[in-house]
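Structural overview
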Amino acid sequence: MRGFEAASGLLKDRIRSAGESRGFAVTRLLTHWPDVVGADLARITRPVKVGFARGAFGATLTLLVKPTDAPMVQMQLPRIQERVNACYGYAAIGRISLTQTAPSGFAEGQAQFAPAPPAAPKPVAPEIASKARATAEGVQDEGLRSALETLAQNILTRRKS
């Protein structure tokens, strides 16, 4: 036995083969859909299939959309196509078609694949927060200083093993 192994390593081949059977050569499109199109569009759309026509360049991406959201998504198709092609790295998608149905399909009891809401930050003890602030004190860039403070807080609050 190799000991503990990340779940993503165990499932990577199965996810890739399942995605490729539906035309998804880049599984990032499925696994990071909110990052590709944005959280607002990811909430109301779901990629279902990528179909390739014979002899034609550019595939057709099929998106699952609720009928009430379809007109809004239809107006944003050029933006979605641009972002999906950026994910692929070339103009892989030539057309996007919308399938209007309920997000869980027609069968009962199908799982929803909506991402979990982000966890609320845990309160940090004041002495740990002050130590973390002191650690990142000399950094000029605000974003980097904030990231370093968060890193310092995480290191100072982790359990000693």
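Our subject in this report is the structure included herewith. All values reported here derive from a predicted model rather than from experimental measurement. (Residues numbered from 1 in each chain as written. Predicted model: local features only at pLDDT ≥ 70, side-chain atom pairs only at ≥ 80, totals over all residues. Heavy atoms only, no water.)

1. Brief notes about the overall build of the protein
Selection criterion: A run of H or I in DSSP counts as a helix once it spans at least four residues, and a run of E counts as a strand once it spans at least two, with each numbered from the N terminus. For the exposure calls, accessible area comes from a 1.4 Å probe over protein chains only, and a residue counts as buried if that area is under 20% of its type's maximum, exposed if over 50%, partly exposed in between. We call two residues in contact when some of their heavy atoms are within 4.5 Å. Each accessible area value is a Shrake-Rupley result obtained with a 1.4 Å probe; residue values ignore everything except the protein chains displayed when judging cover.
Counting its secondary structure elements, the protein contains eight helices and three strands. Secondary structure elements in the protein, listed N-terminal to C-terminal, are α-α-α-α-β-β-α-α-β-α-α. For the protein, the residues scored as buried account for 25% of the 161 residues in total. Taking the intrachain contacts of the protein between residues at least 6 apart in sequence as the baseline, contacts between residues at least 24 apart amount to 58%. Accessible surface computed for the protein: about 11800 Å², of which carbon and sulfur atoms make up 57%.

2. Remarks on the layout of surface pockets
To keep things clear, this is the line we draw: Both cavities and pockets are sets of points on a 1 Å grid over the protein atoms alone; in a cavity a 1.4 Å probe fits but cannot get out, in a pocket the set is open with protein on both sides within 12 Å along at least five of seven lines, and lining residues sit with an atom within 4 Å of a point. Grid points are joined across faces, edges and corners, and a volume is the space filled by probe spheres set on the points. Classes in brief: Ala, Val, Leu, Ile, Met, Phe, Trp, Tyr, Cys and Pro nonpolar; Asp, Glu, Lys and Arg charged; the others, Gly included, polar.
As a volume, the second largest pocket reaches approximately 160 Å³. Looking at side-chain class alone, the lining of the second largest pocket contains three nonpolar, four polar and one charged residues.

3. Quick notes on the pairing of strand E2 (residues 59–65)
Spelled out, the test is: Being paired, for any two strands, means DSSP has found at least two bridges between them.
With respect to burial, E2 is a largely interior element, six of its seven residues being buried. Two strands pair when backbone bridges link them, and strand E1 (residues 45–51) and E2 are joined in this way by six bridges, in the antiparallel orientation. Residue pairing for E2: Arg 46 is matched across the bridge by Leu 64. Bridge count for E2 against strand E3 (residues 93–100) is seven bridges, and the pairing is parallel. Bridging from a neighbouring strand, Leu 63 pairs with Leu 98 of E3.

4. Considerations on the nonpolar core
Keep this limit in mind: Definition used in this section: a nonpolar core is a set of buried Ala, Val, Leu, Ile, Met, Phe, Trp, Tyr and Cys residues joined via side-chain atoms within 4.5 Å.
Counting residues in hydrophobic clusters, the biggest one holds 21 residues, and the most contacted among them are Leu 29, Trp 33, Leu 61, Ile 80, Val 84 and Ile 93. If you list the elements that add at least two residues to this core, you get helix H3 (33–37), helix H4 (39–42), E2, helix H5 (70–75), helix H6 (77–88) and E3. Setting aside anything within four residues of it in sequence, one finds Ile 80 in contact with Trp 33, Val 37, Leu 41, Leu 63, Val 73 and Ile 96.

5. Let's talk about the side chain of Glu 149
Note the threshold: The convention is simple: Lys and Arg are positive, Asp and Glu are negative, and His and the chain ends are not counted. In what follows, salt bridge is the name for a side-chain nitrogen of Lys or Arg lying within 4 Å of a carboxyl oxygen of Asp or Glu.
As for its placement among the helices and strands, Glu 149 is situated in helix H8 (residues 142–157). It turns out Glu 149 is buried and unbridged, and the closest side chain with the opposite charge, Arg 145, is 4.6 Å from it. Leaving out residues up to four positions away in the same chain, Glu 149 has contacts with Ala 132, Arg 133 and Ala 136.

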